[in-house]
Amino acid sequence: MGERSFAQNVATVAVSSMVIPAVGFLTAPLLAHGLGVEGRGELAGAVAPFLLLLAIAPFGIGDLATFRTGRTGLATARTVCLLPLLAIGLSGLLCAAVLPFVRLYTGDAQLARLVLLSLAALPLAVAVTILRGVASGQGAWLTVAWERAATVVLRLVGLLVLLCTGHLTVTTAAVATVLSFVLSGVVYIPLVVRAATTPRIPVETPSDNRSATGFAINVWFGSLAGILLSRADQVLMTPLSDASELGIYVVAVTVAELVLVLSTAVRDVLFATESGDARIDRVVRASRLSLVTSAGLSILIGATFPLWCGVVFGPGFDAALPALVVMLVACTIGVPGSVAGAALAGRGRPGRRSVGMVAAVAVNVPLVVVLVPQWGAVGAAFATLVGNAVAANNNILWLSRMTSRRWWDFHAIRGEELRWLGAAPGRAWRARHPRSEHTTSDTSAGMTR
């Protein structure tokens, strides 16, 4: 994959990722108007288990699909059919395991029925995530972008139609929400059709199967730790502090995570790219570029937050600024480690990344328990900062050992990176206007040399 191609793929994924929060801002008032406060809460309770299990149920198979497809560059029928079927079976077993606890979770018969209705779509939604992994491994990032955007747009359109026709209820809203995760998978139909005509690859040996199983388990283990790292503090805050501090902290987290849009896109594209073509120079350059971009966004968001906080979130949330500043630092310092973690997984070492996630959780949770009662949202943000630092530096240290690159190489911003960013608009213009007189200039500028 060429350097300009790498940058374009990152831009494609980043733009599609921006659609999600943008549509979320449109969906929130629509639901609030159509369902009211109580109905909005019931919808969140009905869909929350589905969203949580959708993050858990792939069992690392999606990343395995990306890794294996990235190695071969081909989406074969074996990968496109067998891996989604395996994921469907495992997610079905997971649903069966949680069914006895649904009524206990909800405490309400009507809400329990809504949760069960949402979980019915889980196996197919999981299959879509596996196909996304295959498409990522193939470098079909435009298809992935269409699928991600289609998920939120379908949900918005469905809810809008229900509201306009007078059929918007908690039940219909829950159905529209979960079906959007399934129907968006239609964009992968051409991928499945092409795979059906791909010659069958040689049968794997048992050792290959054991290796694949180990890869998926290691990825899944790290994913579970990541879920705990990002959600455990919010679960613990109410009993340790109060609802107002939790509300402030949620706003700080929501805003701070905006700086991760680009670095998340870099991580996703880099994982697929490194699976087929491992190049440490590209990883180091991507780490530094992501860091300087995230730092710039953090400064911009932190400096302007008091100006637009009241307009977006309403009065009273300007108190989130101290926690937001800490969260912006936490997100920024974790960026190089996120890139290094993608490189580790792409090189077949996801377990080393998972070790860092587990260590981060082991540090984060005790700090939340100690700091939140006295410091509230700021204490939770500081616990996140420490946890992110542990996870990020674990990944960088492991990758440094594998490649003889120094820890500092992933962080040291040089004039080279700044010049590359400064020239990015010009490169984008020439890419969209190839007949321009400037088309042939600066052909050596790339993310790596």
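Anything mentioned here points back to the structure above.
If you're wondering where the values come from, they're calculated on a predicted model, not measured in any experiment. (Residues numbered from 1 in each chain as written. Predicted model: local features only at pLDDT ≥ 70, side-chain atom pairs only at ≥ 80, totals over all residues. Heavy atoms only, no water.)

Student: Looking at this structure, I do not really get the packing of aromatic side chains. What am I missing?
Tutor: Two measures describe an aromatic ring pair: the distance that separates the ring centres and the angle between the ring planes. Applying the stated criterion to the full structure yields three aromatic pairs. Geometrically, the ring pair formed by Phe 50 and Phe 181 is edge-to-face, given 5.5 Å between the ring centres and 65 degrees between the ring planes. On the criterion of sequence distance, the pair formed by Phe 50 in helix α1 (residues 3-56) and Phe 181 in helix α7 (residues 170-183) is long-range, its members being 131 residues apart. With relative accessibility at 0%, the residue Phe 50 sits in the buried group. Taken together, a centroid distance of 6.0 Å and an interplanar angle of 35 degrees make the contact between Trp 407 and Trp 408 tilted. Lying over the aromatic face of Trp 398, Arg 401 brings its terminal NZ or CZ to 5.4 Å of the ring centre. (Phe/Tyr/Trp six-rings, centres within 6.5 Å; stacked < 30°, edge-to-face > 60°. Helix = DSSP H or I, 4+ residues; strand = E, 2+ residues; numbered from the N terminus. Buried < 20%, exposed > 50% of the residue type's maximum accessible area, 1.4 Å probe, protein only. Lys NZ or Arg CZ within 6 Å of the ring centre and 35° of its normal.)

Student: Got a minute to help me understand the environment of Leu 93 in this structure?
Tutor: Mapped onto the fold, Leu 93 is located in helix α3 (residues 77-106). Separated by 36 residues in the primary sequence, Leu 93 and Ala 57 place their C-alpha atoms 9.4 Å from one another.

Student: Is there a simple way to think about the pattern of salt bridges in this case?
Tutor: Between side chains of opposite charge, pairing is possible as soon as their charged atoms come close. Scanning all chains against the criterion turns up eight salt bridges. Glu 274 serves as the salt-bridge partner of Arg 347, at 3.1 Å between the closest nitrogen and oxygen. Taken together, the residues span a long stretch of sequence, with Arg 347 in the loop between α14 (335-346) and α15 (350-375) and Glu 274 in helix α11 (residues 261-276) at a distance of 73 residues. For Glu 274, a relative accessible area of 2% gives the class buried. (Salt bridge = Lys/Arg side-chain N within 4 Å of Asp/Glu carboxyl O.)

Student: Even after reading the chapter, I still don't get the packing of helix α6 (residues 141-164) against α7, so can you show me in this structure?
Tutor: The description of two packed helices rests on the angle between their axes and on the distance between the axes. With their axes 8 Å apart at the nearest point, α6 and α7 run at an angle of 150 degrees to one another. Here α6 is positioned roughly antiparallel relative to α7, judged by the angle of their axes. Classified by chirality, the crossing of α7 by α6 is right-handed. Packed against α6, whose contacting residues are Thr 151, Leu 154, Arg 155, Leu 159 and Leu 162, the element α7 presents Thr 172, Ala 173, Ala 176, Thr 177, Ser 180, Phe 181 and Leu 183 at the interface. Across the contact of α6 with α7, the residue classes tally to seven nonpolar, four polar and one charged. (Axes fitted to C-alpha atoms, helices over the stretch in contact; angles between N-to-C directions. Parallel < 35°, antiparallel > 145°, perpendicular 65-115°, else oblique. Left-handed = near helix turned anticlockwise from the far one by under 90°. Contact = heavy atoms within 4.5 Å. Nonpolar A, V, L, I, M, F, W, Y, C, P; charged D, E, K, R; others polar.)

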